[in-house]
Each structure stands twice: as C-alpha cells, then as structure tokens.
Amino acid sequence: MKRMRAVAVALILCLMASRLEVMQCSAADCYDACSTACVQANTRLLQRCERKCQIRCDPASLVGKVQRPG
C-alpha cells in the first residue's frame, strides 16, 4: 500500500512538473544580476561597473546573442 501511494505521489509530481512554463530572462534580470556584483568602495569603479552592465544588458544587444556557459 505504501509503495502504491509513493508511485501515485511521484506520478502527480511528474504531471505538475510537465505543466510548468519556462520563463525567459529579460534585460531587467540581466542588469539586476550584473549590478549586484558591482560592489565597490570606490565610486568611480562602481559607476564604471554599472555602465558596463548597462551596455551588456541592453535589450538591443541581447537580440540574437547566444550565451555560452563558463
């Protein structure tokens, strides 16, 4: 009986997981992730890092860009 219950729970979880939608990353997510890493005591370096994030995460530059791991 316990085995049957475990199989039923696993089946229900599989059905629920198959219904999940894959979310696409947006430029706002990219900028937020990038700017989080811009922790600097020097304000000039902080501004430089944030500007690099703006360039990297510009929606126009993300079109057709393939991100490779690593």
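Since this is a predicted model, take the numbers as computed values, not measurements.

Asks: Sorry if this is basic, but what is going on with the overall build of the chain here?
Replies: Within the chain, the secondary structure is distributed over four helices and zero strands. If you list the helices and strands of the chain from N to C, you get α-α-α-α. Within the span of the chain, comprising 70 residues, buried residues form 7% of the whole. Here the chain has roughly 6,700 Å² of accessible surface; of this, 61% comes from carbon and sulfur atoms.

Asks: Could you clarify how one ought to interpret the state of the cysteines in this entry?
Replies: As used in these notes, a disulfide is a covalent bond between sulfur atoms, one from each of two cysteines. Across all of its chains, the model carries three disulfides by this definition. One disulfide in the model links Cys38 with Cys49; its S-S distance is 1.9 Å. Torsion about the S-S bond of the Cys38 and Cys49 cystine: about -70 degrees, corresponding to left-handed handedness. Here the residue Cys38 occupies a position in the loop between helix H2 (27–36) and helix H3 (43–56), and Cys49 occupies one in helix H3, the gap between them amounting to eleven residues. Each bonded cysteine in the chain gets a number by its place in the sequence, and the pairs come out as 1-6, 2-5, 3-4.

Asks: What should I look at first to understand a positive patch on the surface in this one?
Replies: Together, Arg44, Arg48, Lys52 and Arg56 make up a positively charged patch on the protein surface. Relative to the helices and strands, Arg48 resides in helix H3. Of the residues examined, Arg48 reaches a relative accessible area of 46% and is grouped as partly exposed.

Asks: Would you mind showing me how to read a nonpolar patch on the surface here?
Replies: Where nonpolar side chains cluster on the molecular surface, the patch consists of Val9, Ile12, Leu13 and Met16 and spans about 390 Å² of accessible area. Here Val9 shows up in helix H1 (residues 2–18). Accessibility expressed as a relative area gives 44% for Val9, which makes it partly exposed.

Criteria and cut-off values
Residues numbered from 1 in each chain as written. Predicted model: local features only at pLDDT ≥ 70, side-chain atom pairs only at ≥ 80, totals over all residues. Heavy atoms only, no water. Helix = DSSP H or I, 4+ residues; strand = E, 2+ residues; numbered from the N terminus. Buried < 20%, exposed > 50% of the residue type's maximum accessible area, 1.4 Å probe, protein only. Areas by Shrake-Rupley, 256 points an atom, 1.4 Å probe, with all protein chains shown as cover. Disulfide = S-S within 2.5 Å. Patch = residues over 30% accessible without salt bridge, like charges linked within 9 Å, V, L, I, M, F, W, Y side chains within 5 Å. Salt bridge = Lys/Arg side-chain N within 4 Å of Asp/Glu carboxyl O. Lys, Arg positive; Asp, Glu negative; His and termini not counted. Charge placed at Lys NZ, Arg CZ, Asp CG, Glu CD.

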